[in-house]
Amino acid sequence: MPAAPVPAPAAPREVPGDWNGLRAAVAGCEACKLCRTRTHTVFGVGDEQAPLMIVGEGPGADEDARGEPFVGRAGQLLDEMLKSIGRSRQQHDAASAVFIANVVKCRPPGNRDPEADEVEACRPYLDRQIELVRPKLIVALGRVAAQRLLDTDAPLSRLRGPLYHYGAARTPLLITYHPAYLLRSPREKAKSWDDLKKIHQFLTQPAPISS
Ligand code: URA
Ligand code: SF4
């Protein structure tokens, strides 16, 4: 019997190259099983040219209900963390703007972790958002976002610290704690504050910091 042909790797899914097209594509997306249980897609929010892009894990119940990322308790803490470095999702000047998104745009049922195939199905949207925003720095929040962006199984404690570079454009990327984790482990807030200072320093100094 001849060996079964090896299937060609799936071509990366093409997604629209402009904000309006991208928003519409996400709103109607059925590329993974999370589309069956979501109420709203959660595209992302903030300034479309922000120097800082925050990438979380995925919508929770509050975000699914409202269609906006980080609006529950973890979101309130994220807003406080951003405020501590002079930034907010409502601002549109380079010194204080931020764009906030997630590695998956639809809520994983019961707040389970998004699965690898779901993150991969959704990645073209995130990659396009990064391409359009062209942030100076991406900050991934928590283990799941960090592991998926860096394609690793390493624990968060190992991933925090160095400066990475994401994607073809090699956008600088730092990893820090997820605000939901900080709500459960307030002891880690001091280390989170160290990370926020480093983020602020990176964004306000012209020369790149070493990793
Ligand atoms: N947690 C996330 O990772 N993202 C959200 O949008 C809300 C909570
Ligand atoms: Fe599409 Fe992403 Fe939602 Fe999956 S999570 S259905 S890939 S928008």
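Overview of the structure. (Residues numbered from 1 in each chain as written. Chains lettered and ligands numbered in written order. Predicted model: local features only at pLDDT ≥ 70, side-chain atom pairs only at ≥ 80, totals over all residues. Heavy atoms only, no water.)

**A few points about the overall build of the protein chain**
Our working rule: Elements are defined by DSSP. Helices are runs of H or I of four residues or more, strands are runs of E of two residues or more, and each kind is numbered from the N terminus. Note on exposure labels: buried denotes an accessible area under 20% of the residue type's maximum, exposed denotes more than 50%, and partly exposed covers the range between, all computed with a 1.4 Å probe on protein chains only.
Looking only at helices and strands, one finds eight helices and six strands in the protein chain. Overall, the protein chain shows an N-to-C arrangement of helices and strands of α-β-β-α-α-β-α-β-α-α-β-β-α-α. Structurally, the protein chain occupies a C-alpha span of about 60 × 40 × 35 Å along its principal axes. Taking all 211 residues of the protein chain together, the buried fraction comes to 49%.

**Some words on the pattern of salt bridges**
Basically, it comes down to this: For this document, the term salt bridge refers to a Lys or Arg side-chain nitrogen within 4 Å of an Asp or Glu carboxyl oxygen.
The final tally for this structure, using the stated rule, is 15 salt bridges. Between K197 and D194 there is a salt bridge, with the nearest N and O atoms lying 3.8 Å from each other. Note that K197 and D194 are positioned in helix α8 (residues 189-204) at a spacing of three residues, about one turn of the helix. Residue classification places K197 among the partly exposed residues on the basis of a relative accessible area of 41%. Judged by relative accessible area, which is 42%, D194 ranks as partly exposed.

**Focus on the pairing of strand β2 (residues 52-56)**
For clarity, the threshold we go by: Two strands form a pair only when DSSP identifies at least two bridges running between them.
Counting buried residues in β2 gives five out of five residues, a clear majority hidden from the surface. Covered by surrounding structure in β2 are L52, I54 and G56 together with M53 and V55, the residues of both alternating faces. Across four bridges, the pairing between β2 and strand β4 (residues 137-141) is parallel. Its bridge partner being in β4, L52 is matched across the sheet by L137.

**Quick notes on the layout of surface pockets**
To keep it simple, the criterion reads: Grid points spaced at 1 Å and placed over the protein atoms alone form the basis of the search, with a cavity being a set where a 1.4 Å probe fits but cannot get out and a pocket an open set showing protein on both sides within 12 Å along at least five of seven lines. Lining residues have an atom within 4 Å of a point. Grid points are joined across faces, edges and corners, and a volume is the space filled by probe spheres set on the points. Residues are grouped as follows: nonpolar covers Ala, Val, Leu, Ile, Met, Phe, Trp, Tyr, Cys and Pro; charged covers Asp, Glu, Lys and Arg; every other residue, Gly included, is treated as polar.
If you add up the space inside the largest pocket, you get close to 700 Å³. The wall of the largest pocket is formed by 29 residues, among which E57, A74, H178, A180 and R184 lie closest to the centre. Element by element, the count of residues in the lining of the largest pocket is highest for helix α7 (residues 179-184), at four residues. Within the lining of the largest pocket, the residues separate by chemical class into eleven nonpolar, nine polar and nine charged.

**Considering the nonpolar core**
Filter applied, for reference: Side-chain atoms within 4.5 Å are what join buried Ala, Val, Leu, Ile, Met, Phe, Trp, Tyr and Cys residues into a set we call a nonpolar core. Note on definitions: a residue-residue contact is assigned when non-hydrogen atoms from the two residues lie within 4.5 Å.
Ranked by internal contacts, the top residues of the largest apolar core, which has 56 residues, are L52, M53, I54, L137 and I199. If you tally residues by element for this core, the top one is helix α4 (residues 116-133), at six residues. Those residues within four positions of L52 in sequence are excluded, and the remaining contacts are L82, I85, R87, A97, V98, F99, P135, L137, V139, I199 and L203.

**Digging into empty space enclosed by the protein**
What the rule picks out here adds up to two cavities of 30 Å³ or more. If you add up the space inside the largest cavity, you get close to 110 Å³. Lining the largest cavity are 14 residues, and of these C29, C32, C106, C122 and Y125 lie nearest its centre. Of all the elements, α4 adds the most residues to the lining of the largest cavity, at three residues. Across the lining of the largest cavity, the residue classes break down as eleven nonpolar, one polar and two charged. In this model, the second largest cavity occupies a volume close to 50 Å³. Lining the second largest cavity we find L52, I54, L78, M81, L82, I85, V139, L141, T176, L196 and I199. Counting only elements with at least two residues in the lining of the second largest cavity, the list comes to β2, α3 (73-84), β4 and α8. With three residues, α3 is the single largest residue contributor to the lining of the second largest cavity. When its residues are assigned to classes, the lining of the second largest cavity shows ten nonpolar, one polar and no charged.

**Details of the site of ligand 2**
Applied cut-off: One heavy atom within 4 Å of a molecule or strand is enough for the residue carrying it to be called near that molecule or strand. More than half of a molecule's atoms within 2 Å of the grid points is what it takes for that molecule to sit in a cavity or pocket.
Close contacts around ligand 2 come from C29, A31, C32, L34, C35, R38, K105, C106, A121, C122 and Y125, and that covers them all. Among the detected pockets, ligand 2 sits in the largest cavity. Partitioned by chemical class, the residues of the shell around ligand 2 number nine nonpolar, no polar and two charged.

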